[in-house]
Structures are given as C-alpha cells and as structure tokens.
Amino acid sequence: TAAPSQPYHTWMTGKWHVGGDYPPNLPNHWKQHAGDVHHPLPVQRGFDEHFGTLGGGGSYYDPPSLIRNEELVCMETLADDFYYTDAINDEACRQIRACVEKKGASEAPFFWVRGALRTPLAAARSTRT
C-alpha cells in the first residue's frame, strides 16, 4: 500500500528495554550513557515522544531510569502517590488528546507503543490495605 499522504505521530509510553544495559540501581550509569551510541533512546529511533523507563524491571513507585524524551525524571519530583502504570497510561491519553486537539480526530493518525514493567507486580499504594 502507499504511504499516508500526511505523516503520523509516533509515541511510546513505558519500558524501552532495547537500548543497551541500564542497571536498575545505578542512576549515574544512566546519566552517563543514556542516548549514546550503545544506549539509544526511543526518540533517537523514530519515536516523536517517549515517557517511561529505559530498563525492563523495577519499582512501580520509584521507577528506575524514568525518562521523558531525552531528560531523566528526578525521583524527588514525583508525587507521593506516583504509580508507574497509571503514569504511563495518563501520558498516553495526554499524547492522543494533544494530537486530536491539534489536528482533529479524523486527521490525527498515530502509532503508539506501550511497554509495561514485567516484574515485580505491584498494586497502587491507594489500593493496598
């Protein structure tokens, strides 16, 4: 089939887990290597936007290597009730709404990828007793 006449948006929320090794407890490693030739970021591989983690596992409350596009997110800025699954879902909704508001629903094609942490499974703090 022919390529679309208008470009589409490409977004990703959640874990990247493709761009090299990101040891969960070594934030200085991420700061030093994120985005280099051996640790490419989603925005360096064709995604317009990315919000999520670079590695595959970790905390749902204080996720390791949390990044927005090319900037590491400071853990101290996260809300006390931060929950990774909700955050990446909220970001996906934000991305879609922004596209629709900018272009209109019928003119806003997009490609979206959502990757979730695979372990450990953890419920939001607000639902735990």
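Residues numbered from 1 in each chain as written. Predicted model: local features only at pLDDT ≥ 70, side-chain atom pairs only at ≥ 80, totals over all residues. Heavy atoms only, no water.

Caption draft 1: Up close: unusual backbone geometry. Positioned with a positive phi, His-17 is a non-glycine residue whose angle comes to about 55°. Residue position: His-17 is located in the loop between strand 1 (9-14) and helix 1 (27-33). The exposure class assigned to His-17 is partly exposed, which follows from its relative accessible area of 37%. Here Asn-69, not a glycine, exhibits a phi torsion of approximately 60°, which is positive. Along the chain, the position of Asn-69 falls in the loop between strand 3 (66-68) and strand 4 (71-72). The class of Asn-69 is partly exposed, set by a relative accessible area of 25%. (Helix = DSSP H or I, 4+ residues; strand = E, 2+ residues; numbered from the N terminus. Buried < 20%, exposed > 50% of the residue type's maximum accessible area, 1.4 Å probe, protein only.)

Caption draft 2: Structural view of the packing of aromatic side chains. Scanning the entire structure with this criterion turns up 4 aromatic pairs. With 5.8 Å between their ring centres and 25° between their planes, Tyr-60 and Tyr-83 make a pair best called stacked. With Tyr-60 in the loop between strand 2 (49-53) and strand 3 and Tyr-83 in the loop between strand 4 and helix 2 (84-103), this residue pair connects regions lying 23 residues apart in the sequence. In this structure Tyr-83 comes out as buried when scored by relative accessible area, which is 13%. Measuring from centroid to centroid gives 6.2 Å for Tyr-61 and Tyr-83, while their planes differ by 35°, and the two rings are tilted. With Tyr-61 in the loop between strand 2 and strand 3 and Tyr-83 in the loop between strand 4 and helix 2, this residue pair connects regions lying 22 residues apart in the sequence. (Phe/Tyr/Trp six-rings, centres within 6.5 Å; stacked < 30°, edge-to-face > 60°.)

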